[in-house]
Every structure is written in structure tokens, then in C-alpha cells.
Amino acid sequence: MATAGSDISTPRSTSPSSVFSGRSSHTSVASKRLSLSLQRRQSAFNPMSSVDIASIEQRMKMAALDGLRGYAQDHYGEVKQDHTTEYIPKSAAGGYQVLREPLWNKGLSFTPEERVSKNLTGLIPHAMENTDTQVERCMKMIRSRSTPIDKYLYLSSLKSQNLDLFYRVLIDNVRDLMPLVYTPTIGDVCLQYSTLYTRPEALYISIKQRKSIRTILRNWPHPNPEICVVTDGSRILGLGDLGVNGVGISIGKLALYTGAAGIHPEKTLPIVLDAGTANEDNLKDPLYLGLRAKRPSLDVMQEFMDEFMEAARDVFPEMLIQFEDFETEKAFNYLSRYRDQYRCFNDDIQGTGAVVLGGYIGAVNLSNVPLDDQRLVFMGAGSAGVGVAKQMVEYYTRRGLSEQAAKDKFWLVDTKGLVTWDRGDKLPEHKKYFARSDNNGHQFRTLEEVIEYVRPSALVGLTATFGVFTESVVRALKASVDAGGSGRRPILFPLSNPLTKAECTFEQAVQWTEGTVIFASGSPFSPFAVKSGDAAVTYWPNQGNNVYVFPGLGLGAILAKASKITDEMVYMSAASLAESLNAEEIQKGLIYPRIERVRDASLVVAREVMKAARREGVSMLPEEQWVEWEEWGDVALTKYIKDRVYDPLK
Ligand SMILES: O=C([O-])CC(=O)C(=O)O
Ligand SMILES: [Mg+2]
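None of the values given here were measured: they were computed from a predicted structure.

Cut-offs and rules
Residues numbered from 1 in each chain as written. Chains lettered and ligands numbered in written order. Predicted model: local features only at pLDDT ≥ 70, side-chain atom pairs only at ≥ 80, totals over all residues. Heavy atoms only, no water. pLDDT = per-residue confidence, 0-100. Contact = heavy atoms within 4.5 Å. Axes fitted to C-alpha atoms, helices over the stretch in contact; angles between N-to-C directions. Helix = DSSP H or I, 4+ residues; strand = E, 2+ residues; numbered from the N terminus. Parallel < 35°, antiparallel > 145°, perpendicular 65-115°, else oblique. Left-handed = near helix turned anticlockwise from the far one by under 90°. Nonpolar A, V, L, I, M, F, W, Y, C, P; charged D, E, K, R; others polar. Near = heavy atom within 4 Å. Polar contact = N/O pair within 3.5 Å; in protein donor to acceptor, adjacent residues only side chain to side chain. Areas by Shrake-Rupley, 256 points an atom, 1.4 Å probe, with all protein chains shown as cover. Pairing = 2+ DSSP bridges. Salt bridge = Lys/Arg side-chain N within 4 Å of Asp/Glu carboxyl O. Buried < 20%, exposed > 50% of the residue type's maximum accessible area, 1.4 Å probe, protein only. Domains from an automatic or database assignment. Buried area = accessible area lost by both parts, 1.4 Å probe. UniProt positions renumbered as here; feature names shortened; annotations may be inferred. Right-handed = clockwise from strand over helix to strand, strands pointing away. Phe/Tyr/Trp six-rings, centres within 6.5 Å; stacked < 30°, edge-to-face > 60°. Lys NZ or Arg CZ within 6 Å of the ring centre and 35° of its normal.

For the rest of this paragraph, the subject is the confidence of the model for the chain. Averaged over all residues, the pLDDT of the chain equals 90, while 88% of them reach at least 70. Segment residues 1–51: pLDDT under 50, and 95 contacts once partners within four positions in sequence are set aside and those in other chains are kept. This complex was scored by the predictor with a pTM of 0.89 and an ipTM of 0.99.

Before going further, it helps to spend a moment on the packing of helix α27 (residues 598–615) against helix α29 (residues 634–642). As a packed pair, α27 and α29 sit with axes 10 Å apart at the nearest point and diverge in direction by 115°. In terms of their interaxial angle, α27 and α29 are classed as roughly perpendicular. Crossing of α27 against α29: the hand is right-handed. Where α27 approaches α29, its residues Leu603, Ala606, Arg607, Glu608, Met610 and Lys611 are matched on the opposing element by Asp634, Leu637, Thr638, Tyr640, Ile641 and Lys642. Classifying every residue of the contact of α27 with α29 gives 6 nonpolar, 1 polar and 5 charged.

Another point: the site of ligand 1. Around ligand 1, the surrounding shell consists of Tyr182, Thr183, Arg235, Leu237, Lys253, Glu324, Asp325, Asp347, Asp348, Asn497, Asn545 and Asn546. One of the side-chain N or O atoms of Asp347 is found 3.5 Å from an oxygen atom in ligand 1. In this structure, an oxygen atom belonging to ligand 1 sits 3.1 Å away from a side-chain N or O atom of Asn546. Notes on ligand 1: free accessible area 270 Å², of which the protein chains cover 94%. Of the residues assigned to the shell around ligand 1, the class counts are 2 nonpolar, 4 polar and 6 charged.

With that out of the way, let us pick up the pairing of strand β13 (residues 535–539). A regular strand carries its side chains on alternate faces of the sheet. Taken together, the 5 bridges between strand β12 (residues 528–532) and β13 define a ladder with antiparallel strand orientation. Counterpart to Ala529 in the pairing with β13 is Thr538. Between β12 and β13, which follow one another and run antiparallel, lie 2 residues, and Gly533 among them has a positive phi close to 65°.

Using the criterion set out here, one finds 45 salt bridges in the structure. Arg137 serves as the salt-bridge partner of Glu129, at 2.7 Å between the closest nitrogen and oxygen. Overall, the relative accessible area of 16% leaves Glu129 in the buried class. Judged by relative accessible area, which is 40%, Arg137 ranks as partly exposed. For Asp306, the salt bridge identified is with Arg337, shortest N-O distance 2.8 Å. Taken together, the positions of Asp306 in helix α15 (residues 298–315) and Arg337 in helix α16 (residues 328–338) put the pair 31 residues apart, joining distant regions of the chain. Taking relative accessible area as the criterion, Arg337 reaches 37% and is therefore assigned partly exposed. The network of salt bridges with shared partners includes Asp414, Lys416, Arg423, Asp425 and Lys431.

Before going further, it helps to spend a moment on the domain arrangement of the chain. Domain annotation of the chain identifies domain 1 (350–544) and domain 2 (549–642). One C-alpha centre belongs to domain 1, the other to domain 2, and the line joining them spans 27 Å. The partner domain 2 presents 14 residues to the 24 residues of domain 1 that form the contact. When the buried surface of domain 1 facing domain 2 is broken down by residue, Arg398, Trp540 and Asn542 rank first, second and third, together holding 29% of it. If you look at where domain 1 meets domain 2, you find 1 salt bridge. When the shortest N-O distance is used, the salt bridge between Glu568 and Arg398 registers 2.7 Å.

Moving on to the UniProt feature "binding site: (S)-malate" (unreviewed entry) in the chain. Sequence positions flagged by UniProt for "binding site: (S)-malate" (unreviewed entry) are, in local numbering, Arg235, Asn497 and Asn545. Within the secondary structure, Arg235 sits in the loop between β2 (227–231) and α13 (247–261). Each residue touching Arg235, except ones within four places of it in the same chain, is listed here: Gly240, Asp325, Phe326, Glu327, Asp348 and Ser383. Looking at the secondary structure, you find Asn497 in the loop between β10 (491–494) and α23 (506–512). With residues near it in sequence (within four places) discarded, Asn497 still touches Thr183, Leu237, Gly238, Gly522, Ser523 and Asn545.

Turning our eyes to something else, we now look at the UniProt feature "domain: Malic enzyme NAD-binding" (unreviewed entry) in the chain. Taking the UniProt record as the reference, the feature "domain: Malic enzyme NAD-binding" (unreviewed entry) is found at residues 349–614. Secondary structure within residues 349–614 divides into 43% helix and 13% strand; the distance between the first and last C-alpha atoms comes to 23 Å.

It is worth spelling out the pairing of β10 at this point. Covered by surrounding structure in β10 are Ile491 and Phe493 together with Leu492 and Pro494, the residues of both alternating faces. In this fold, strand β9 (residues 458–461) hands off to helix α22 (residues 471–482), which returns the chain to β10; that crossover is right-handed. With 2 bridges joining them, β10 and strand β11 (residues 518–521) adopt parallel strand pairing. Counterpart to Leu492 in the pairing with β11 is Phe519. As a crossover connection, the stretch from β10 through α23 into β11 is right-handed.

Centre distance and the angle of the planes are the two values used to describe a pair of aromatic rings. With the rule as written, the count across this model stands at 22 aromatic pairs. A cation over an aromatic ring shows up here: Arg398 above the ring of Tyr571, its NZ or CZ 3.7 Å from the ring centre. Arg644 extends its terminal NZ or CZ atom over the ring of Tyr640, reaching a point 3.6 Å from the ring centre.

With that out of the way, let us pick up the sheet that holds strand β3 (residues 268–274). What the 5 strands build is an open sheet, ordered β1-β3-β2-β4-β5; its pairing is parallel. Two strands lie at the open edges of the sheet, namely β1 (203–206) and β5 (344–346), each paired on one side alone. Each adjacent strand pair in this sheet contributes to an overall mean axis angle of 20°, direction not counted. For β2 and strand β4 (residues 320–323), the ladder comprises 4 bridges, and the chain directions are parallel. Note that in β4 the partner of Val229 across the bridge is Gln322. Packing against the sheet, α15 makes contact with β1, β2, β3, β4 and β5, and its axis sits at approximately 155° to β3. Packed on one face of the sheet, helix α24 (residues 550–559) meets β2, β4 and β5 and runs near 155° to β4.

It is worth spelling out unusual backbone geometry at this point. Residue Pro184 follows Thr183 across a cis peptide bond; omega there is 10°. The step from Asn497 to Pro498 runs through a cis peptide bond, and the omega angle for that step is -10°. Along the chain, the position of Pro498 falls in the loop between β10 and α23. Despite not being glycine, Asn224 shows a phi value in the positive range, around 45°. Here Asn224 lies in the loop between α12 (213–219) and β2. Phi angles above zero are rare outside glycine, and Asn368 is one such case at about 65°. Position of Asn368 relative to the elements: it lies in the loop between α17 (347–367) and β6 (376–379).

Now the structure itself:
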């Protein structure tokens, strides 16, 4: 394989541009060529006579009147292009070409020499500013906006103009801004994506254009992406099927690949596969941008996915693919179908699994309930619930338990109650592994009943249902932990996203457990202060979000040039995350590093993932390289990673 990892920090100088090359300069010849090419394109695209084209236009108008997008509905043919995208080399670009390319624009930091050599004199204000001043301006603007969506829109506009500045602002203010570019705000953005839409930021691949997937991929304006996040929008966060609007999650996750791990933004590729939607609100919305059709059968979707995976590998052979927010059955199927042949992983199964395990390892230490005495109830048995529980089983087996004994520590609950073999419904494949057979014919229909029966030490929520951890549920958990002895603390992880889907709030958890809770949620809660006399006790929540895993896992896999993502690599992302806390964090009783240190954590995760890739024999880096690193221990490998990450305007 070629050097995927090595160009993370140094994007090619023949950088992409929203402005395509030379066509504008040689006017008459160029415009003739352009119109010829347009004609050819039109005929290749739609090999019909002009009469037919006129009638299509007519139909498009009629379809639009019906609230349909005629073009998207009607087009089934293969798009044949007779040209490929050409790029202006960065060194040759001048004037507005430089200012309008977000990868090249340096805002007010252009030096006097650059302003002359790039023909920028007078195109920007005379002032020259350092990074801090520009960051300050951005933060002032963000603070001046009153709603999270408005703040998001400001940030999105900044991103479309000056990528270095956008990422500097994000990295330096990650606690305040991550909730805007990611969960919870990104959930609202996805819900309204078709209305908020102003410019493309991803590849939109409709099932109607499945014959043209390679063409679409080649149209992406950046060469050789290293990481793609792909969704089909069928289960976005806990918000359900959002169709093409789910593309926001691919965009948000990739902003964190850059912000939280330092993968160059030019190397990231967000994709949405549009195969329709079951969301009636979307289907009725005249502004909806996706295909107005019900979702196809799982078999048809599988074929589409097979075609996508093959095309992606043909066009971008080194790209790692992260599956995101596919609904449960597809999520499991695609992971098992592709994981041995492609460089891919599923964030909701493996990423969530690893991040929750990483936090759980620290939580057990704080809980005063020995590992062997832990009993875990999971509310929610979808891709995340089962993924997390399996990751924890692996942890227990690595600590010497048999697989059966490890599995016996978990009780999974879904909308029908405790998942058992004999409860009378047909269990979907992914639930069978954890189905209980030791219930002596009893069925436990409510969470309270399950808690009374199991007497758990930990309760994990992945239900996408706000408020299912009620006061009586949380108090019952505390009582069952207290019964084991004094000083014991309950572990409570309401993990569903965004905040509107959280199983309970941090404040509730603190109050209902008299402050003893060890808490982690998927989306961020603020610290909670309780007055006691003149003083106040502050309780610190943890955010147990995949953001602590997928960026580092992806970075490690890319830099190791891993041919696939193995269980060992995923496991090591969890184990190393648990080890990445500093003394202050441990002293504060946290189970994840503070979010301000997410880049440090990603670096540790990436390093251990790289080493795991090598142990597993899937790293394509030359053996001499590994031997050299081994001589120096982690220091050399850490430096190798640091030298390759993007840290703009530093
Ligand atoms: O995106 C997040 O915050 C975590 C996640 O993968 C999900 O909830 O599906
Ligand atoms: Mg997800």
C-alpha cells in the first residue's frame, strides 16, 4: 500500500479547489470546449433527443409542482462523464481563488509578502492579525448568537471559508464548541438539515444513481481521502430514521476526526447513502432533499451497500470506512459482512462498546464493588446495547472468566422486558447471544422488576428514550448496591443521544443517589453544585461518548496502514482510554479524561491501536520500522504520530 498515513499533515500541494482549473482563462476556446463538453455530458448523461429533453423538463416542472424532485425521481441511468476534475496547484492560485478555497484561505494572517505574491493586496483589509485575535473574533461572534443552531450556522460558515481558523477555534474551545458541531446540536441540525441547507459538504449517493457510484466518488474534490464516515440515515443518534438529513452526523463525526485526533480535513469524506426514508415528516416536507420513497427491502439495500463498498475501494483503495447510525439489523450485518475484506468498523457497535468499556474499567475501581461481584443491567438491546455488552464480556474473559461466566453478568432488557429464551417472541439474531435461560419460566416485564430480580451494581441505558431511568428505578439501583455493604457506589450510564433522549439527567442521578452515583452520559451535562451550609459540593459528570474512541482508532488504523480493524485493535482502544487519565482527573473521580484533553487521549488510543495492528499482523508498515520503534519504546512511536497530526495555526 502507498503512503496513506504519511500525508496526514502535509496535504498535496495540488490542492483541490472549489474553483476548477484554467477553464475561465482562455475564454473563447474554453467556452467552446465547455459548451461541447456540456453537450456531450448531457447526451452521455441522458442519451435522448432535444425533444425528449424538453419533455423531461416539462415533467420536472410538473413533478416539482407535486412537491417531487423530478430529476432525482426519474434518473436511473448511468452518468458518464467525459472529463475528470482538474485541480489548480496551490502555488499557482492567486487572488480570490486563494481566498475562496477554505483550505488555502489564511484570513487576515497572510504576510505582506504573500499578499503581494498572491495578488491579494486590497482584497482583504490591510490589518494583519495573529491567530489569537482571529479566534477571539470568532468566539465573540459565537457568543453573540442566541441559539445553538445559530451558533452552529456561524461555525459552519466559518468552516466553509477558512478551515485552519475553524479548527483552531474548535480545538481551543472544545468544551464549548463540541456540543455545537456534534451531539446534542448536530441532532437538531439533522432534523432540520433540508431547511438549513446552503451548500454541499458531503457526497450524496442516491440508490437511483447506484450505477454511477464510482463517478460520484471521483467527483469528490479532494484527492485520496483517508477516512470516510458513511450513514444511510436510518437511525440517527436516538432520533430514528432521518433519511438524507442524517448526513449531518457524517459531517459532525469527521469534524471530530480532525478536531479530536488531527486527521487533516482534506483527508476526510462524509457520505450519505440515500435509499429513501420511512420518516413521514420528511416525505411530506416540500423542502426535503432526499429521495421521496420508502426504504427498499434489506436485500436491495444490501446490494446497494455491496456496490458502494466495492466502488469505494476501487476509487480510494486506502480509505478507512466508518459505518455510522445504520439501524440495528443492517449495522450488525454490514459489520460482519465487510469487516474481513475491507478496512472498516462500526462506530455504534464497536466505538460505543469500546468507549463504555473504557469508562467502566475506571468506574469499577471507584465503585468499591469488586469486578467479580459486578452485575450489569442494560436497558436497550440494539446495536449499541449489544455492542457494549459484548465488549465488556471480552474484558471479563481477558480477566480470566469463562465466556459463559462473563455472559452471565449481563441482563439485557428491551421494550418487552428481560430478554429471555422463553418469553414467547422471536428474538432477532443480535439479541440471542445475551438471552437468559436461567429465569425459571418467570418473565420480567418492567425495568423495576428486573432490578429487583437481578440486584445490579450497574445500569446502562441505550434506549433512545428520555426519562426511562425514573426516580424509582435509580433509587432501586442504589438500594441494591447499598445492600452489598457500605461505601459502595452505583454505576449509572444513561448513554442515549442527544440530550432529549437521555434516560435521566445528571442532576436527577445525583439527587436520587444522594451524590454517590458514578455517572456517564452520551451527550454532555454540566457539573452540578449542591449547597451544604455555606459551602457547595460540586459533582462532575462524565461524557461517555464515542468521541474518545473513533478518532484515535481511525488515526491508529490509518497510520499503521492496517488492512482491517481487528477485535484486538478495538479492545486496545478501550483499554488504553482507561489508562489515559492524568492524576488530576483521577483525583477528581473522573472516568474519562476531561474533554479538553481529548487530543491527548486520541494520541494514546492511536498508539496502542497501531501496536495492536502490528501484533495482529495487519499493519502494512515495513517491519524495520517497527523494530526501530521497539528499541525506543513508546517515545518514538508517539513522536511519529505527533509529527503527522494536523494542528492548525500553531
Ligand atoms: O454520535 C454520538 O454522539 C454517539 C453515537 O454514535 C450515537 O449516539 O449514535
Ligand atoms: Mg452513532
